[in-house]
Amino acid sequence: MNYEEIEKYIEGILTKKRFNHSKGVAKRAVELARIYGKDEEKAKLIGIAHDIAKEMPKEEAVEYAKENGIEFDEIEKNEPGLWHSKIGADIVEKKFGFTKDMSQAILYHTTGNIAMNIMDKIIYIADKTEENRTNPDLIIAREVSNEDLNKGLLLVSKRAIEYSLGKNSLIHPDTIELINKIIIDSNNKNLN
């Protein structure tokens, strides 16, 4: 499927607000891909599709996960807001023919992961810094991520934790591990 077909499909299943967010993520992903020398078309496709399962009803999500062998860890079981990344990664491979590396960016876009590659980081940051996000911390992270992807990643990851804590939501260990890895890598770079 091409971008226009995927965008039309996404528009048909998401609320207007979520669809506008997805378009913003696609746009921001292209900007970051251009800065960091990655495939802009792939970034755009992943960006528009990243929340494909975000508004799936809970019962449908549980059924989809069972039918497709998707397992949730203990934190995910207790935080349904995290399910859409695993389900979405599976859907885009089967429905749109996304490659594993493309679906991995969707898999990691919510919690992050220490195994993230550059495209994964681009989608993660684009999700948090697209133009519809107006929080001052995210505006700063947008500017920083244009200069240094890992510094931007650190800022948006910290903000994600603060946001989750503010909602009394669970924090996935992948996010904490990611923050720790960025800080350790940064400190080691400073030692050399």
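Residues numbered from 1 in each chain as written. Predicted model: local features only at pLDDT ≥ 70, side-chain atom pairs only at ≥ 80, totals over all residues. Heavy atoms only, no water.

On to the overall build of the protein chain. Secondary structure summary: the protein chain contains eleven helices and zero strands in total. In terms of overall size, the protein chain behaves like a compact globule, its C-alpha atoms giving a radius of gyration of 16 Å where 192 residues would be expected to give roughly 16 Å. With the C-alpha coordinates aligned to their principal axes, the bounding extent of the protein chain is approximately 50 × 35 × 30 Å. Put simply, the protein chain has 192 residues, and 46% of those count as buried. Considering only intrachain contacts with a sequence separation of at least 6, the fraction spanning at least 24 residues in the protein chain is 62%. (Helix = DSSP H or I, 4+ residues; strand = E, 2+ residues; numbered from the N terminus. Rg over C-alpha atoms; globule rule 2.2 N^0.38 Å. Buried < 20%, exposed > 50% of the residue type's maximum accessible area, 1.4 Å probe, protein only. Contact = heavy atoms within 4.5 Å.)

Looking now at the packing of aromatic side chains. Throughout the structure, instances matching the rule amount to three aromatic pairs. With a centroid separation of 5.2 Å and 15° between ring planes, the pair formed by Phe72 and Trp83 is classed as stacked. One end of the pair, Phe72, is in the loop between helix H4 (58–67) and helix H5 (74–77); the other, Trp83, is in helix H6 (residues 83–96), and eleven residues separate them in sequence. Each of the two residues, Phe72 as well as Trp83, counts as buried. The rings of Tyr9, Phe96 and Phe98 are connected pair by pair, giving a single aromatic cluster. Note that Lys44 overlies the ring of Tyr3, its terminal NZ or CZ placed 4.3 Å from the centroid. The ring of Tyr124 carries Lys128 above its face, with NZ or CZ at 4.0 Å from the centroid. (Phe/Tyr/Trp six-rings, centres within 6.5 Å; stacked < 30°, edge-to-face > 60°. Lys NZ or Arg CZ within 6 Å of the ring centre and 35° of its normal.)

Bringing the side chain of His84 into the picture now. Relative to the elements of secondary structure, His84 occurs in helix H6. Among the residues examined, His84 registers a relative accessible area of 5% and is labelled buried. Polar side-chain contacts of His84 include one of 3.2 Å to the side chain of Asp51. A polar contact is formed between the side chain of His84 and the side chain of Thr110, at a distance of 3.4 Å. Apart from the residues lying within four places of it in its own chain, the contact partners of His84 are His50, Asp51, Ala53, Lys54, His109 and Thr110. (Polar contact = N/O pair within 3.5 Å; in protein donor to acceptor, adjacent residues only side chain to side chain.)

Our focus in this paragraph is helix H3 (residues 40–49). Turning to H3, its buried residues are Ala43, Leu45, Ile46, Gly47, Ile48 and Ala49. The elements touched by buried residues of H3 are helix H1 (3–13), helix H2 (16–35), H6, helix H7 (100–108) and helix H8 (118–129). Between the side-chain oxygen at the start of H3 and the backbone nitrogen of Glu41 there is a gap of 3.0 Å, and the oxygen is on Asp39.

According to the stated counting rule, one finds twelve salt bridges in the structure shown. Between Lys128 and Asp127 there is a salt bridge whose closest N-O contact spans 3.3 Å. A salt bridge links Lys181 to Asp185, with the nearest nitrogen and oxygen atoms 2.7 Å apart. Placement of the pair is Lys181 and Asp185 together in helix H11 (residues 173–191), with a separation of four residues, close to one helical turn. Connected through salt bridges with shared partners, the residues Arg18, Asp51 and Glu55 form a single ionic network. (Salt bridge = Lys/Arg side-chain N within 4 Å of Asp/Glu carboxyl O.)

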